[in-house]
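Letter by letter, the chains look like this.
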Amino acid sequence: GECLWTGNMCIDKNAAVNCGGSYAVSCAFCPQGHGEPWCNGDCMWSGKMCVSQATGSRVDCGGHYASSCELCPQGNGEAWCNGGECLWTG
């Protein structure tokens, strides 16, 4: 099929990142609570987070970039965390 079951969710295999032994919707989701050892493949550990090797220490907020998903909203709420590598959970 077109989906991968990983981390208790089904994700589009064409949009998945390789975490180095598992797959996730983005590098931010690779660690699954296990930290740096689960951040490999298409991703790398930077600071205290798993980020895409393609963007280095930046994350894609869905229209702009930030140094972490927590910094995507920049005071603008959910509208500034709309896809890319980050997911609004507020």
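Details of the structure are given in the entry above.
Residues numbered from 1 in each chain as written. Predicted model: local features only at pLDDT ≥ 70, side-chain atom pairs only at ≥ 80, totals over all residues. Heavy atoms only, no water.

Points about the overall build of the protein
In plain terms, the rule: Each helix is a run of DSSP H or I of at least 4 residues and each strand a run of E of at least 2, with the numbering of both proceeding from the N terminus. Think of it in three bands: residues with accessible area under 20% of the maximum for their type are buried, residues over 50% are exposed, and the middle band is partly exposed, with areas taken using a 1.4 Å probe on protein chains only. Only heavy atoms matter for contacts: two residues are in contact if any of them lie within 4.5 Å across the pair. Working definition of accessibility: Shrake-Rupley area with a 1.4 Å probe, residue cover restricted to the visible protein chains.
Across its full length, the protein carries zero helices and eight strands. Listing every helix and strand of the protein by position from the N terminus yields β-β-β-β-β-β-β-β. Counting over 90 residues, the protein shows a buried share of 32%. Sequence separation of at least 24 residues holds for 17% of the intrachain contacts in the protein that already meet a minimum separation of 6. Only carbon and sulfur atoms are counted for the fraction: they give 51% of the accessible area of the protein, which is about 5,400 Å².

Some points on the environment of Pro73
Along the chain, Pro73 turns up in the segment after strand 8 (65-66). Considering only alpha carbons, one finds Pro73 and Trp88, 15 residues apart in sequence, at a separation of 9.2 Å.

Focus: the state of the cysteines
The test is simple: In this description, the term disulfide denotes a pair of cysteine sulfurs within 2.5 Å.
The final tally for this structure, using the stated rule, is five disulfides. At a sulfur-sulfur separation of 1.9 Å, the disulfide partner of Cys19 is Cys30. Linking Cys19 and Cys30, the disulfide has an S-S dihedral of approximately -75° and is accordingly described as left-handed. With Cys19 in the loop between strand 3 (17-18) and strand 4 (23-24) and Cys30 in the loop between strand 4 and strand 5 (43-46), the pair connects residues that are eleven residues apart, well separated along the chain. In this model, Cys69 is linked to Cys86 through a disulfide, with the two sulfur atoms separated by 2.1 Å.

Observations concerning the pairing of strand 5
In plain terms, the rule: Pairing between two strands is assigned when DSSP locates at least 2 bridges connecting them.
Sheet topology note: the strand 5/strand 6 (residues 49-52) ladder contains four bridges and is antiparallel. When the bridges of strand 6 are listed, Ser46 appears paired with Met49. Counting the residues in the hairpin turn of strand 5 and strand 6 gives two residues, including Gly47, whose phi is positive at 70°.

Description of unusual backbone geometry
The phi dihedral of Gln32 is positive, around 45°, even though this residue is not glycine. Secondary-structure assignment places Gln32 in the loop between strand 4 and strand 5. The class for Gln32 is partly exposed, based on a relative accessible area of 39%.

Function cannot be read off these values alone, since they describe shape.
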